[in-house]
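Each chain is listed here by its residues.
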Amino acid sequence: MEVRIVHILLDKPVSNSGRLKTLIAEVGENSSFNLDIQIINDVDKVLGEKENVITSDSIILDHCKSWINLIRGCMETRELRIIKIQAHPCGWADYNERNKIYHDTEWGIPVHDDKKMFEHLMLECMQCGLSWDLMLKKREVFRSCFDDFNYDKIADYDENDIQRILETEDMIKSPRKIAAVINNAKCFQKVREEFGSFCEYMWSYSENKVILYNGHCKVGSKIPVSNGLSKTISKDLKKRGFKYVGEVTIYSHLQACGIVNDHDETCPCYAKINQENTTVNKRRDKEVY
Ligand SMILES: [Zn+2]
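Residues numbered from 1 in each chain as written. Predicted model: local features only at pLDDT ≥ 70, side-chain atom pairs only at ≥ 80, totals over all residues.

S.K.: If you had to explain the environment of Pro-110 to someone new, which residues and values would you point to?
M.R.: Looking at the secondary structure, you find Pro-110 in the loop between α4 (97-105) and α5 (114-127). For Pro-110, a count of 18 C-beta atoms within 10 Å gives the class partly exposed. Residues Pro-110 and Asn-261 lie 151 residues apart in sequence; the distance between their C-alpha atoms is 8.9 Å. Setting aside residues up to four positions removed in sequence, Pro-110 forms contacts with Val-210, Cys-257, Gly-258 and Asn-277. (Helix = DSSP H or I, 4+ residues; strand = E, 2+ residues; numbered from the N terminus. Buried ≥ 20, exposed ≤ 12 C-beta atoms within 10 Å, placed from the backbone. Contact = placed C-beta atoms within 7 Å.)

S.K.: Tell me about the nonpolar core, residues and numbers included.
M.R.: Ranked by size, the top nonpolar core spans 49 residues in total, and within it Met-117, Phe-118, Met-122, Val-181, Phe-198 and Ile-259 carry the most contacts. Per-element tally for this core: the top contributor is α5, with 7 residues. The contact partners of Ile-259, leaving out residues within four places of it in the chain, are Met-202, Trp-203, Tyr-205, Ser-206, Val-210, Ile-211 and Leu-254. (Core = buried A, V, L, I, M, F, W, Y, C linked by C-beta atoms within 7 Å.)

S.K.: Run through the packing of helix α12 (residues 228-239) against helix α13 (residues 247-256), naming residues and quoting values.
M.R.: Two elements in contact, α12 and α13, have axes whose closest approach is 8 Å; the angle formed by their N-to-C orientations is 110°. Taken together, the axis directions place α12 and α13 in an arrangement best described as roughly perpendicular. Every pair of crossing elements has a handedness; the one defined by α12 and α13 is right-handed. Contacts between α12 and α13 pair Ser-230, Lys-231, Ile-233 and Ser-234 from the former with Glu-247, Ile-250, Tyr-251 and Leu-254 from the latter. A breakdown of the residues in the contact of α12 with α13 according to their chemical character gives 4 nonpolar, 2 polar and 2 charged. (Axes fitted to C-alpha atoms, helices over the stretch in contact; angles between N-to-C directions. Parallel < 35°, antiparallel > 145°, perpendicular 65-115°, else oblique. Left-handed = near helix turned anticlockwise from the far one by under 90°. Nonpolar A, V, L, I, M, F, W, Y, C, P; charged D, E, K, R; others polar.)

S.K.: Which residues make up α4, and what values go with them?
M.R.: Where α4 is concerned, the buried positions are Asn-99, Lys-100 and His-103. Buried residues of α4 fall within an arc of 100° about the axis and therefore sit on the same side. Across α4 from its buried face, at more than 90 degrees, point the exposed residues Glu-97 and Thr-105. On its buried side, α4 packs onto α6 (132-137). (Arc of directions from axis to C-beta.)

Shown next as structure tokens:
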């Protein structure tokens, strides 16, 4: 039987390319085709004017089935030799459908509602040592455990509530983190009393503007996990009694609630957020307070 090669080109490394390789290898086993996956930086240059190229804009893990079908189709028609996969500009959004929806509908969109901001901040606090995907997966469990993140109700929780939450199915089994959420709800109330709202307090650090860091991640460059600004806020929140609010956690929170726009410059969300909000350009490394 004739053996042909289907080339699969990824335009940049993506978090789930390993998983994709495994799945594709499984398809390859039962066919007369060899499958080859390459990760190269400039796919277009390599491809040039080549024909028989199909492009997909995403390789979300949850959609791997459709990928497999696409590849099977390529094998059957014996026409298509190259599949070009364009990874998501914000690579992590490709991980699965849950991440993609979160990326598209929440991440980096400025939050000006205290309840929403409390939920964001508490998800970040509880993430410590766990994956963000797990936080998104368990979000409904968290909401049902913590009265839909109503900080006033949570601030009144007692030992019985900690026990109730610990016994909830699928809830994370960390008494320390649950106690921290209750503690943080109390601290959150105090900040609200002092500043009028917690959002007012958080946004005062950027003078109500969305921060764009100069030299913002050119495609492929890495975004640091913390900076001077997150360090300053972390320090202040700790002073106010908050728990699990290290500088890395706070940097994530700044990104999530839109105080910093860290979408990749080529991501459609980057431009959309900048159009709809007042922005300020800063240098990430100069953020020392
Ligand atoms: Zn993005």
